[in-house]
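# What the coordinates show
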Amino acid sequence: MSRAKGVIVGIGELKPQRLSSGVTTLEMIAEVSRLAVFDAGLEPAAIDGLLVGPQVGETPQHVPATIAEYLGLAPTVANVVDLGGASGAGMVWRAAAAIEAGMCETMLCVLANNREEAAPRSPNRNPIREFDVPFGASGANISYALLMRAHMAEYGSTARDFALIAAAARANAQLNPDAIFFGKPADVEMVLASPMIVSPLHLYEIVMPVAGGEAVIVTSAERARSLPKRSVHLLGAGEKVTHRAVSQAPSLTSGPLKSAMARAFAQSGTQADEMDLLSLYDCYTIMVATTIEDAGLCAPGQFGAWLRDHDLSHNGDKPLNTHGGQLGFGQPDLAGGMTHVVEAVRQLRGEAGERQIGRADLALVTGNGATMSEATALVLGAA
């Protein structure tokens, strides 16, 4: 028999019912997961990976984060598998691949659904619906404003500190003709003068949703050697999911990227201050501020001083989001996070044109989902 690609050690199953009553999909997921963990002889804390299906009636998006939050898990890798009837089997090999890649050690693969006779009458147990929305904390602007206000309260950071991030993004966008704000620079004073959307967030500190798309091709190192362009290697990766609703966040001033970046640096044998390019997810200025601090580039609460001490342009000592970031380039929905990957590849290939950085060997790329809830970090290196 060939070497096992993965080992199944626990199973759970609920008795089928023609119709369910008064039970939510989240509750069913929790119960069948409990059975599988018990069957494996594990404690819930041992689960550090999560694969789920796309159909959870209580949430239309951020499904893995919602389930992780409900189950009290903080996985280092989490994904939706949407292959219809092939989803269950598809989860098993994906779990084995994630384990072999060093992204997690023990993966929970779970599928469940309720089925009610008429319109669903069971309560919505999604924490964001119970503890956030009824109190007005609905939507990204309000949630990120809460995080920004918490940072100001804990560390004394100022509106001007955050405005430095938006101004730098706009400045870098002036060298990218494809950026939505190309030809429209905005300095710190303009950022602070832009309309207040949700205090303390100004309009220019919030991404502009746009249409667009991004794509990358990943292949084997062996095949890459036969291709014409310079290769960009994945040297390290990290992922972490801690919550979905801001009311459930373990911290309001630090996020799961701290763990994700630490894992990516450990896998690659690098550290933050060795990066030639910082390609950091920037849906809001507070996101960049906490990422800088969580990466260890400065102490907690000191991002403002760090920004003033460094040049973030393509020819500066700490190039950051040289394409303009989402704050300068625009956010084409989920492809907004991919813009950071594409720009890192351009820079490491030496194909960034007028905005090409001088030394381009290592890049840190980060991604963020929900409200500083779902995090991925990559360390990329030029061949």
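The structure displayed is predicted, hence computed values, not measured ones.

### Description of the overall build of the chain
Per the secondary structure count, the chain includes 13 helices and nine strands. For 383 residues, the compact-globule formula gives about 21 Å, and the C-alpha radius of gyration of the chain, at 22 Å, lands near that figure. Taken over 383 residues, the chain has a buried fraction of 50%. Long-range contacts, defined here as pairs at least 24 residues apart, represent 73% of the contacts in the chain between residues at least 6 apart. Approximately 18200 Å² of the chain is accessible, and the part contributed by carbon and sulfur atoms is 54%. On the chain, the mean spot of the 28 positive side-chain charges and the mean spot of the 39 negative ones are 5 Å from each other.

### Overview of the side chain of His-314
Relative to the helices and strands, His-314 is located in the loop between helix H11 (303-309) and helix H12 (325-329). From its side chain, His-314 meets the backbone oxygen of Glu-354 in a polar contact 3.4 Å long. Discounting chain neighbours no more than four positions away, the residues touching His-314 are Asn-172, Leu-175, Pro-319, Thr-322, Glu-354, Arg-355, Gln-356, Ile-357 and Gly-358.

### Describing empty space enclosed by the protein
Applying the stated criterion across every chain, the model contains two cavities of 30 Å³ or more. Each pocket or cavity is described by its volume, and for the largest cavity that value is around 40 Å³. Around the largest cavity, the lining residues are Gly-255, Pro-256, Leu-257, Met-287, Thr-290, Thr-291, Asp-294, Asn-368, Met-372, Ser-373, Glu-374 and Ala-375. Of all elements in the fold, only helix H10 (285-294) and strand S9 (374-382) reach the threshold of two or more residues within the lining of the largest cavity. Here the lining of the largest cavity takes four residues from H10, the largest share from any one element. Residue composition of the lining of the largest cavity, grouped by class: five nonpolar, five polar and two charged. In this structure, the second largest cavity encloses a volume near 30 Å³. As for the second largest cavity, its lining consists of Ile-165, Ala-168, Ala-169, Asn-172, Asp-282, Leu-320 and Asn-321.

### Some points on the pattern of salt bridges
In total, this model carries eight salt bridges according to the counting rule given. Arg-349 is the salt-bridge partner of Glu-351, the closest N and O atoms lying 3.4 Å from each other. For Glu-351, a relative accessible area of 36% gives the class partly exposed. Through salt bridges with shared partners, one network takes in Lys-229, Arg-349 and Glu-351.

### Focus: the packing of aromatic side chains
As enumerated under the stated definition, the model contains two aromatic pairs in all. On the basis of an interplanar angle of 15° and a centroid distance of 4.4 Å, the ring pair of Tyr-144 and Tyr-284 is categorised as stacked. Taken together, the positions of Tyr-144 in helix H5 (residues 140-155) and Tyr-284 in the loop between strand S7 (277-279) and H10 put the pair 140 residues apart, joining distant regions of the chain. The class of Tyr-144 is buried, set by a relative accessible area of 2%. Residue class for Tyr-284 comes out buried when judged on its relative accessible area of 5%. Geometrically, the ring pair formed by Phe-162 and Phe-303 is tilted, given 4.8 Å between the ring centres and 50° between the ring planes. Here Phe-162 is found in helix H6 (residues 159-173), whereas its partner Phe-303 is found in helix H11, with 141 residues between them in sequence. One exposure class covers both Phe-162 and Phe-303, and it is buried. Stacked on the ring of Phe-181, the Lys or Arg Arg-170 has its end atom at 3.7 Å from the ring centre. Here the basic side chain of Arg-170 rests over the ring of Tyr-204, its NZ or CZ set 4.5 Å away from the ring centre.

### Notes on the sheet that holds strand S1 (residues 49-52)
On the basis of which strands lie adjacent, the open sheet formed by three strands has the order S2-S1-S3 and parallel pairing. Both outer strands of the open sheet, strand S2 (77-80) and strand S3 (107-110), are each paired with one neighbouring strand and no more. Pairwise comparison of adjacent strand axes, ignoring direction, gives a mean angle of 10° for this sheet. Relative to S3, S1 runs parallel, the two sharing four bridges. Its bridge partner being in S3, Gly-49 is matched across the sheet by Met-107. Across the sheet, helix H2 (residues 63-71) is in contact with S1, S2 and S3; its angle to S1 comes to roughly 120°.

### Side note on the layout of surface pockets
Space inside the second largest pocket adds up to approximately 1000 Å³. In terms of lining, the second largest pocket is formed by 40 residues, of which the most central are Gly-10, Ile-11, Ala-36, Cys-109 and Val-110. For the lining of the second largest pocket, the secondary structure elements donating two or more residues are helix H1 (25-40), helix H3 (87-100) and S3. Here the lining of the second largest pocket is built from residues that sort into 26 nonpolar, nine polar and five charged.

Cut-offs applied
- Each chain has its residues counted from 1, following the order in which its sequence is written.
- Only residues with pLDDT of at least 70 get local features here, since the model is predicted, and only at 80 or more are side-chain atom pairs given and counted; chain-wide, interface and lining totals rely on the full set of residues.
- Hydrogens and water molecules were not included; the side-chain quantities draw on all heavy atoms of the structure.
- Starting at the N terminus, helices and strands are each numbered in turn, a helix being any DSSP run of H or I of at least four residues and a strand any DSSP run of E of at least two.
- Here the globule rule is a power law, 2.2 Å times the number of residues to the power 0.38, and the radius of gyration is based on C-alpha atoms.
- For every residue, the accessible area obtained with a 1.4 Å probe (protein chains only) is divided by the maximum for its type, and the residue is called buried under 20%, exposed over 50%, and partly exposed between those limits.
- Residue contacts are counted whenever heavy atoms from the two residues lie within 4.5 Å of one another.
- Methods summary: accessible areas were calculated by the Shrake-Rupley approach with a probe of 1.4 Å, and residue burial reflects only the protein chains presented.
- The positive count covers Lys and Arg only, the negative count covers Asp and Glu only, and His and the chain ends enter neither.
- Each charge is placed at NZ for Lys, CZ for Arg, CG for Asp and CD for Glu.
- Counted as a polar contact is a pair of N or O atoms within 3.5 Å, where, for protein atoms, one must be capable of donating a hydrogen and the other of accepting one, and residues adjacent in sequence contribute only when both atoms are in side chains.
- Residues are called lining when one of their atoms sits within 4 Å of a cavity or pocket point, these points coming from a 1 Å grid over the protein atoms alone, where a cavity is a set in which a 1.4 Å probe fits but cannot get out and a pocket is an open set with protein on both sides within 12 Å along at least five of seven lines.
- Grid points are joined across faces, edges and corners, and a volume is the space filled by probe spheres set on the points.
- Here the term charged refers only to Asp, Glu, Lys and Arg, the term nonpolar to Ala, Val, Leu, Ile, Met, Phe, Trp, Tyr, Cys and Pro, and the term polar to all other amino acids, Gly among them.
- By convention in these notes, a salt bridge is any Lys or Arg side-chain nitrogen within 4 Å of a carboxyl oxygen on Asp or Glu.
- Each pair of aromatic rings taken from Phe, Tyr and Trp, with Trp reduced to its six-membered ring, is defined by centres within 6.5 Å and is described as stacked if the planes are under 30 degrees apart, edge-to-face if over 60, and tilted in the remaining cases.
- A ring is considered to have a charge above it if a Lys NZ or an Arg CZ atom is located within 6 Å of its centre and within 35 degrees of its normal.
- Criterion used throughout: strands pair if DSSP finds at least two bridges between them.
- Axis angles are defined between N-to-C directions and span 0 to 180 degrees, where every axis is a line fitted to C-alpha atoms and, for a helix, only to the segment in contact.

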